[in-house]
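Report on the structure
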Amino acid sequence: VISNLTRKSDHEIWITSGLGLVIYDTRLKDVIWYKLNDPVNLEFYAVNYIDDASRVWYTDINGLSCFDPAVQQFASHSFKQLSGGNWGMAFYILSDKTGNLITVCPRVADGFYRFNRLKNQWTKTQFPGNNTFLNEKDVVRGFVQLASGDYIISSDKGIFLYSEKQNRISSLQKELPFAEP
């Protein structure tokens, strides 16, 4: 199953699937490179975005991974030390315009994580109150950045607002027209 497509150039398409990562060349109409997942060793390959240095960034278990095609090396950046040992698949990521600050909102987690590439350092903002998403029944479903720099987080427990200036997550207690009674 294909889960993500990312265009790297006018002829290169990077494809994430359940089996791994593939580069498809539209000019050659052929696969020019691939890397298969190794679930036994918890090594998974994908693409979420490609930065200005052509490095491929993707989510993985407890953080981010990066593939640098120039040196043909993978690197992992884990937020596990901040997650209290909880398992957190980092499904959702967004990068700032510079590519130096990557925001991660795991599907199953107790907070919001930010990775500073320049400092090679993670920070965490805890969800408010008892709003944790540590089981598969109450999970984060996605997030989007607003023009103000704040983020809206959608989850099974409601809608949350992350204020970048205050480094705080607050619950938006609003009745939504599509919410179950």
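The present account deals with the structure reproduced in this document. (Residues numbered from 1 in each chain as written. Predicted model: local features only at pLDDT ≥ 70, side-chain atom pairs only at ≥ 80, totals over all residues. Heavy atoms only, no water.)

Quick look at the sheet that holds strand β2 (residues 12-17)
In space, the four strands of this open sheet follow the order β1-β2-β3-β4, with antiparallel pairing throughout. Edge positions in the open sheet fall to β1 (2-7) and β4 (30-36), since each of these has one partner strand only. For this sheet, the mean inter-axis angle between neighbouring strands, taken without regard to orientation, is 20°. With six bridges connecting them, strand β3 (residues 20-25) and β4 associate as antiparallel partners. The partner of Y24 across the bridge, within β4, is V31. (Pairing = 2+ DSSP bridges. Helix = DSSP H or I, 4+ residues; strand = E, 2+ residues; numbered from the N terminus. Axes fitted to C-alpha atoms, helices over the stretch in contact; angles between N-to-C directions.)

Thoughts on a nonpolar patch on the surface
On the surface, L19, V31, Y34 and L36 cluster together into a nonpolar patch covering about 440 Å² of accessible area. By the element assignment, V31 lies in strand β4. Take V31: its relative accessible area is 41%, and that puts it in the partly exposed class. (Patch = residues over 30% accessible without salt bridge, like charges linked within 9 Å, V, L, I, M, F, W, Y side chains within 5 Å. Areas by Shrake-Rupley, 256 points an atom, 1.4 Å probe, with all protein chains shown as cover. Salt bridge = Lys/Arg side-chain N within 4 Å of Asp/Glu carboxyl O. Buried < 20%, exposed > 50% of the residue type's maximum accessible area, 1.4 Å probe, protein only.)

Here we look at the pattern of salt bridges
With the rule as written, the count across this model stands at three salt bridges. Linking D10 and R27 is a salt bridge whose minimum nitrogen-to-oxygen distance equals 3.0 Å. Of this pair, D10 sits in the loop between β1 and β2 while R27 sits in the loop between β3 and β4; the two residues are 17 residues apart in sequence, bridging distant segments of the chain. Judged by relative accessible area, which is 53%, D10 ranks as exposed. For D51, the salt bridge identified is with R55, shortest N-O distance 2.8 Å.

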